[in-house]
Amino acid sequence: MGCNPEVLKHVPLFALLDEEETAVLAAQVRLKTFAARQRIYKIGDASGQAYVVVSGRVRVATVDQDHQEVVIDEPSHGEFFGFASMLEQTPHQTEAVAIDEAVCLEVDQKDIAVLLQRKPLAGMDMLRVLGRQFHASQQLVRLRANRHPNEVIEKDATFGERIADMVAGFGGSWTFIILFFIALVMYMTVDARLGSTAWDPYPYILLNLFLNMLAALQAPIIMMSQNRQDTKDRLRGELDYDVNRRAEAEIQGLARKLNVLGEKMGDVEDMLRQKLARE
């Protein structure tokens with residue numbers, strides 16, 4: 001069953017077709033109406049058809065490895081969905097549900113072939129929408145990827161920053177304190193035993209010079225390491241914020257599903273009451 005050619009004229013994808021081409025295409029496509037929250041197709045369904053939204057809105061979502069719903073797109077008037085699976089003739093990788101009452105054109109590969117034969121430039125519009133959906137999928141992957149803070153920090157660290165971390169870590173350890181104390185005791189003991197031939201007699205001016213040089217070098221290195229630690233803390237805070245935001249979005253999704261479930265249960269109760277009242 002076809003649809004009214006006037007409907008196609010209000011769809012941007014088909015707006016440039018002439019009267020004859022519009023009539024031919026209208027005879028092939030089918031117009032379908034979906035109620036609010038009605039599922040159009042689910043993951044794994046055969047992909048014989050794709051859809052163009054004439055009115056209303058549709059939510060296209062998938063499920064990640066954590067079994068959480070991820071919204072891919074929300075097409076509205078003039079936009080389409082399900083084309084990738086239809087063109088590849090593979091099962092749908094997403095689920096489409098009408099957000100509110102939606103009127104959609106149902107098309108298949110033959111319909112698209114007819115359209116491209118008559119208006120080849122219409123393929124550019126299709127590629128543009130598919131490219132937008134592809135970029136949206138890439139963005140979702142980047143946002144939802146679990147990044148380990150230490151891996152991110154080490155990946156971005158320069159050679160100088162790694163050296164600063166190693167020096168600061170060794171300088172703040174008991175190993176350094178014990179070795180440094182032993183070296184000082186040995187230095188002063190050997191110097192004292194040499195007596196008048198000592199190279200650095202009391203009050204150990206040369207030793208003080210070495211200690212001042214060591215302190216002068218350690219101070220900026222320790223400051224570099226502290227700056228690195230501040231950067232690490234800030235990055236960990238940003239990653240924690242991303243995780244909390246995801247958790248909040250998932251909780252809101254669960255709350256939305258519970259509300260929908262409550263509404264459906266209320267509808268069922270009303271239907272049962274009406275049925276009992278008739279009996």
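Coordinates for the structure precede this section.
First, a word on what this report is: a plain description of the structure on this page. Note that the coordinates shown come from a computational prediction; the quantities given were computed from them, not determined experimentally.

Reading the values: the criteria
Residues numbered from 1 in each chain as written. Predicted model: local features only at pLDDT ≥ 70, side-chain atom pairs only at ≥ 80, totals over all residues. Heavy atoms only, no water. Helix = DSSP H or I, 4+ residues; strand = E, 2+ residues; numbered from the N terminus. Buried < 20%, exposed > 50% of the residue type's maximum accessible area, 1.4 Å probe, protein only. Contact = heavy atoms within 4.5 Å. Areas by Shrake-Rupley, 256 points an atom, 1.4 Å probe, with all protein chains shown as cover. Core = buried A, V, L, I, M, F, W, Y, C linked by side-chain atoms within 4.5 Å. Axes fitted to C-alpha atoms, helices over the stretch in contact; angles between N-to-C directions. Parallel < 35°, antiparallel > 145°, perpendicular 65-115°, else oblique. Nonpolar A, V, L, I, M, F, W, Y, C, P; charged D, E, K, R; others polar. Salt bridge = Lys/Arg side-chain N within 4 Å of Asp/Glu carboxyl O. Pairing = 2+ DSSP bridges. Patch = residues over 30% accessible without salt bridge, like charges linked within 9 Å, V, L, I, M, F, W, Y side chains within 5 Å.

A closer look at the overall build of the protein chain
Per the secondary structure count, the protein chain includes 9 helices and 8 strands. For the protein chain, the proportion of its 279 residues judged to be buried stands at 28%. Considering only residue pairs separated by 6 or more positions, the protein chain has 71% of its internal contacts joining residues 24 or more positions apart. A total accessible area of about 18,500 Å² is found for the protein chain, and carbon and sulfur atoms account for 61% of it.

Some words on the nonpolar core
Counting residues in each nonpolar core, the largest one holds 17 residues, and the members touching the most others are Leu-8, Val-29, Phe-83 and Leu-105. Elements that contribute at least two residues to this core include exactly helix H1 (5-9), helix H2 (19-28), strand E3 (50-55), helix H3 (83-88) and strand E8 (102-107). Core analysis: the next-biggest nonpolar cluster, separate from the first, contains 12 residues, Tyr-41, Val-53, Val-60 and Ala-102 among them.

Thoughts on the packing of helix H7 (residues 159-171) against helix H9 (residues 205-278)
Running from N to C, H7 and H9 point in directions that differ by 110°, and their axes come no closer than 8 Å. With respect to H9, the element H7 is oriented roughly perpendicular. Residues Gly-160, Glu-161, Ala-164, Asp-165, Val-167, Ala-168 and Gly-171 of H7 pack against Gln-218, Ile-221, Met-224, Ser-225, Arg-228 and Lys-232 of H9. Residues that form the contact of H7 with H9 fall into these classes: 5 nonpolar, 4 polar and 4 charged.

Some words on unusual backbone geometry
Residue Pro-203 is reached from Tyr-202 by a cis peptide bond, and omega for that bond is 15°. Even without being glycine, Arg-37 reaches a positive phi, approximately 70°. Overall, Arg-37 belongs to the partly exposed group, its relative accessible area being 33%. If you check the backbone angles, Tyr-204 has positive phi at about 60° while not being a glycine. Summarising the element assignment, Tyr-204 is placed in the loop between helix H8 (174-194) and H9.

Thoughts on the pattern of salt bridges
All chains considered together, the criterion is met by 6 salt bridges. Between Glu-106 and Arg-30 there is a salt bridge; the shortest N-O distance is 3.2 Å. Of this pair, Glu-106 sits in strand E8 while Arg-30 sits in strand E1 (residues 30-34); the two residues are 76 residues apart in sequence, bridging distant segments of the chain. Take Arg-30: its relative accessible area is 22%, and that puts it in the partly exposed class. Notably, a salt bridge pairs Glu-106 with Lys-32, separated by 3.3 Å at the nearest N-O pair. A residue pair is termed long-range when its members are at least 10 positions apart, and Glu-106 in strand E8 and Lys-32 in strand E1 qualify at 74 residues. The class for Glu-106 is buried, based on a relative accessible area of 6%. Taken together, the salt bridges that share partners define one network made up of Arg-30, Lys-32, Glu-106 and Asp-108.

As for the sheet that holds E1
Ordered by their spatial adjacency, 4 strands build an open sheet running E1-E8-E3-E6, and the pairing between neighbours is antiparallel. Strands at the two margins of the open sheet, each flanked by one partner only, are E1 and strand E6 (80-81).

Some details on a nonpolar patch on the surface
Together, Trp-174, Ile-177, Ile-178, Phe-181, Ile-182, Val-185 and Met-186 make up an exposed nonpolar region whose accessible area comes to about 760 Å². Tracing the sequence through the fold places Ile-177 in helix H8. Its relative accessible area of 43% is what places Ile-177 among the partly exposed residues.

Let's talk about the sheet that holds strand E2 (residues 39-41)
Spatial ordering of the open sheet is given by E2-E7-E4-E5, a layout of 4 strands whose pairing is antiparallel. With one partner strand each, in any of the chains shown, E2 and strand E5 (69-73) form the two edges of the open sheet. Adjacent strand axes in the sheet meet at a mean angle of 35° when their direction is disregarded. In this structure, E2 lies alongside strand E7 (residues 95-98), joined through 2 bridges in antiparallel fashion. In the strand pairing of E7, Arg-39 is matched with Val-97.

Topic: the pairing of strand E4 (residues 58-63)
The two faces of the sheet receive side chains in turn, since in a regular strand these alternate between them. The sheet contact formed by E4 and E7 spans 4 bridges and is antiparallel. Of the residues in E7, the one forming a bridge with Arg-59 is Val-97. Sheet topology places E4 next to E5; 4 bridges connect them, and they run antiparallel. By the bridge assignment, Ala-61 is partnered in E5 with Val-71.

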